[in-house]
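So the chains spell out like this:
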Amino acid sequence: MTGRLRVRRVLVVNAALAGVVWLVWALVWGAEYFDVLAENWRVAVTMVFGSLVGGGTSEGGGAIAFPVMTKVLVVPPDQARIFTFAIQSIGMSAASLSILLCRIPVEKKVILYGSASGVVGVVLSATLIAPNVPLPVVRALFTMLLVALALALAVQLKQRGYRRNAKIPAWHPREKGLVLAAGFSGGLLSGVAGVGENCVMFLLLVLLFRVSEKVATPTTVIMMTVVSIAAFLTHLLVLRDFTGPVVGYWTAAAPVVAVGAPLGAWICTWLSPLTIRAVLFVLIAAELVSTVLLVPFTPFMIAASITLLVVFTAVCVMLVRTERYAAPSPEPEQEWTPAGV
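I will try to describe carefully the structure that is included in this document. (Residues numbered from 1 in each chain as written. Predicted model: local features only at pLDDT ≥ 70, side-chain atom pairs only at ≥ 80, totals over all residues. Heavy atoms only, no water.)

**So, the overall build of the chain**
Here's step 1: The helix and strand tally for the chain stands at 13 helices and zero strands.
Here's step 2: Mapped from its N terminus to its C terminus, the chain presents α and β elements in the order α-α-α-α-α-α-α-α-α-α-α-α-α.
Here's step 3: In terms of overall dimensions, the chain is globule-like: its C-alpha atoms have a radius of gyration of 19 Å, near the 20 Å expected for 341 residues.
Here's step 4: Dimensions of the chain, computed from C-alpha atoms along their principal axes, come out at roughly 60 × 55 × 35 Å.
Here's step 5: Here the chain holds 341 residues, and the buried ones make up 54% of them.
Here's step 6: When the accessible surface of the chain is summed, it comes to about 14800 Å², and 72% of that surface belongs to carbon and sulfur atoms.
Here's step 7: In the chain, 24 positive and 15 negative side-chain charges are present, and the distance between their average locations comes to 9 Å. (Helix = DSSP H or I, 4+ residues; strand = E, 2+ residues; numbered from the N terminus. Rg over C-alpha atoms; globule rule 2.2 N^0.38 Å. Buried < 20%, exposed > 50% of the residue type's maximum accessible area, 1.4 Å probe, protein only. Areas by Shrake-Rupley, 256 points an atom, 1.4 Å probe, with all protein chains shown as cover. Lys, Arg positive; Asp, Glu negative; His and termini not counted. Charge placed at Lys NZ, Arg CZ, Asp CG, Glu CD.)

This is the structure we're talking about:
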């Protein structure tokens with residue numbers, strides 16, 4: 001398939017996905033949608049950038065939506081978390097369908113195993129853990145994990161002879177167990193933070209398995225989609241707390257993310273692995289700054305955050321220094337890249 005045909009396919013697929021959402025919203029809400037949008041336009045604007053991040057990186061749109069909504073728009077944290085799941089169920093679903101229909105390479109085995117354990121983790125977390133964990137603690141934990149990931153990615157780039165794999169080089173009980181464990185851990189984190197499944201699995205794929213960022217990123221986007229849908233359904237059908245202003249936020253922003261998230265996934269295919277890392281470094285730096293400025297840190301939280309950062313960094317660097325899955329040859333992996341680039 002030529003580059004021109006690929007671009008045309010992507011445009012057609014993404015336009016169709018957005019069109020379906022817009023049509024459904026038009027049939028359900030009609031002219032009333034514009035009243036909802038006028039009332040919640042700040043949330044919709046927030047998700048313009050959030051959806052691009054959610055579809056094109058391993059952070060998830062909630063990494064943008066949650067801090068902006070809780071600190072800038074003064075939305076209660078529990079409502080912001082529910083909104084995160086609800087809006088990712090629309091935007092990242094569109095991004096995932098775009099990834100699959102446009103045949104962007106992903107690790108299907110990881111999606112299957114990691115998503116299954118991630119669903120179990122997020123349902124348990126949403127129902128049993130999230131109601132009992134202070135959200136500032138969760139945000140600090142999530143931020144320290146991201147900073148540790150950034151440090152490890154920087155260390156990895158300094159390794160002599162570092163090469164990327166196009167897929168996991170081995171798939172035995174050991175690898176299956178690691179993916180299941182990472183999926184479950186990511187699900188637990190997602191249940192309280194709104195995001196996390198994609199970050200934890202990205203960490204495992206890129207740092208340990210040496211999978212290319214251009215394969216790991218769309219893989220984690222699909223996984224976060226599955227986990228977000230499971231969490232949203234849990235809040236909708238079990239906890240029954242998808243009510244009130246959250247519905248308005250979701251209604252206003254859904255047509256926006258139906259465009260932004262698939263667009264973000266497509267943009268990611270044009271970026272080099274190094275550029276993807278650079279984007280992550282910028283986003284993680286922004287996450288760190290926002291956490292330091294906006295989260296009320298107590299002396300205990302400061303000590304706990306430093307401890308977590310040291311532990312997370314040590315684990316990440318240990319994964320980086322493991323040579324078990326190092327690429328066996330200097331030949332570059334086969335990556336989906338638009339022709340002519």
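**Things to note about the nonpolar core**
Here's step 1: If you look at the biggest cluster of nonpolar residues, it comprises 89 residues, and the most contacted ones within it are Phe83, Leu207 and Phe209.
Here's step 2: Once you skip the residues sitting within four places of it in the chain, leucine 207 turns out to touch Leu149, Ala152, Leu153, Gln156, Phe202, Cys316, Leu319 and Val320. (Core = buried A, V, L, I, M, F, W, Y, C linked by side-chain atoms within 4.5 Å. Contact = heavy atoms within 4.5 Å.)

**Topic: the packing of aromatic side chains**
Here's step 1: All told, the structure shown has nine aromatic pairs when counted by the stated rule.
Here's step 2: Aromatic side chains tryptophan 25 and tryptophan 250 sit 5.1 Å apart centroid to centroid with 65° between the ring planes, which places their arrangement in the edge-to-face category. A residue pair is termed long-range when its members are at least 10 positions apart, and tryptophan 25 in helix H1 (residues 3-29) and tryptophan 250 in helix H11 (residues 245-270) qualify at 225 residues.
Here's step 3: We classify tryptophan 25 as buried; its relative accessible area is 10%.
Here's step 4: Its relative accessible area of 15% is what places tryptophan 250 among the buried residues.
Here's step 5: Considering the side-chain rings of phenylalanine 232 and tryptophan 250, the 6.1 Å spacing of their centres and the 40° angle between planes classify their relative orientation as tilted. Of this pair, phenylalanine 232 sits in helix H10 (residues 213-239) while tryptophan 250 sits in helix H11, placing them 18 residues apart in sequence.
Here's step 6: Among the residues examined, phenylalanine 232 registers a relative accessible area of 11% and is labelled buried.
Here's step 7: Taken together, Trp25, Phe232, Phe242 and Trp250 form an aromatic cluster joined through their ring pairs.
Here's step 8: In this arrangement the basic side chain of lysine 109 is found over the ring face of tryptophan 171, its NZ or CZ atom lying 5.6 Å from the centre. (Phe/Tyr/Trp six-rings, centres within 6.5 Å; stacked < 30°, edge-to-face > 60°. Lys NZ or Arg CZ within 6 Å of the ring centre and 35° of its normal.)

**Describing helix H13 (residues 299-321)**
Each turn of an α-helix holds 3.6 residues, which means side chains three or four residues apart point in the same direction.
Here's step 1: Here H13 contains 23 residues, and its C-alpha end-to-end distance of 33 Å stays within 8% of the 33 Å for a straight helix at 1.5 Å per residue.
Here's step 2: Those residues of H13 lying buried are Met301, Ser305, Thr313, Cys316, Leu319 and Val320.
Here's step 3: On its buried face, H13 sits against helix H7 (135-157) and helix H9 (197-208). (Expected span 1.5 Å × (residues − 1).)

**Details of a nonpolar patch on the surface**
Here's step 1: There is a patch of nonpolar side chains on the surface, built from Ile229, Leu233, Leu236, Leu237, Val238 and Leu239 and spanning about 480 Å² of accessible area.
Here's step 2: When you line up the elements, isoleucine 229 lands in helix H10.
Here's step 3: Judged by its relative accessible area of 32%, isoleucine 229 is partly exposed. (Patch = residues over 30% accessible without salt bridge, like charges linked within 9 Å, V, L, I, M, F, W, Y side chains within 5 Å. Salt bridge = Lys/Arg side-chain N within 4 Å of Asp/Glu carboxyl O.)

**Remarks on unusual backbone geometry**
Here's step 1: Even without glycine at this site, arginine 210 takes up a positive phi of about 60°.
Here's step 2: Looking at the element boundaries, arginine 210 is found in the loop between H9 and H10.
Here's step 3: For arginine 210, a relative accessible area of 1% translates into the label buried.
Here's step 4: Its identity is not glycine, yet arginine 240 carries a phi of approximately 55°, on the positive side.
Here's step 5: For arginine 240, a relative accessible area of 62% translates into the label exposed.

**Overview of the packing of helix H5 (residues 77-101) against H10**
Here's step 1: Their axes nearest at 8 Å, the elements H5 and H10 cross at an angle of 140°. Regarding the angle of H5 to H10, the classification is oblique. Along this stretch, H5 crosses H10, giving a crossing that reads as left-handed. The segment H5 lies against H10, with Ile82, Phe85, Ala86, Gln88, Ser89, Met92, Ser93, Ala95, Ser96, Ile99 and Leu100 engaging Pro218, Val221, Ile222, Met224, Thr225, Ser228, Ile229, Ala231, Phe232 and His235.
Here's step 2: Of the residues contributing to the contact of H5 with H10, the split by class is 14 nonpolar, seven polar and no charged. (Axes fitted to C-alpha atoms, helices over the stretch in contact; angles between N-to-C directions. Parallel < 35°, antiparallel > 145°, perpendicular 65-115°, else oblique. Left-handed = near helix turned anticlockwise from the far one by under 90°. Nonpolar A, V, L, I, M, F, W, Y, C, P; charged D, E, K, R; others polar.)

All quantities given are derived from atomic positions and should not be read as evidence of function.
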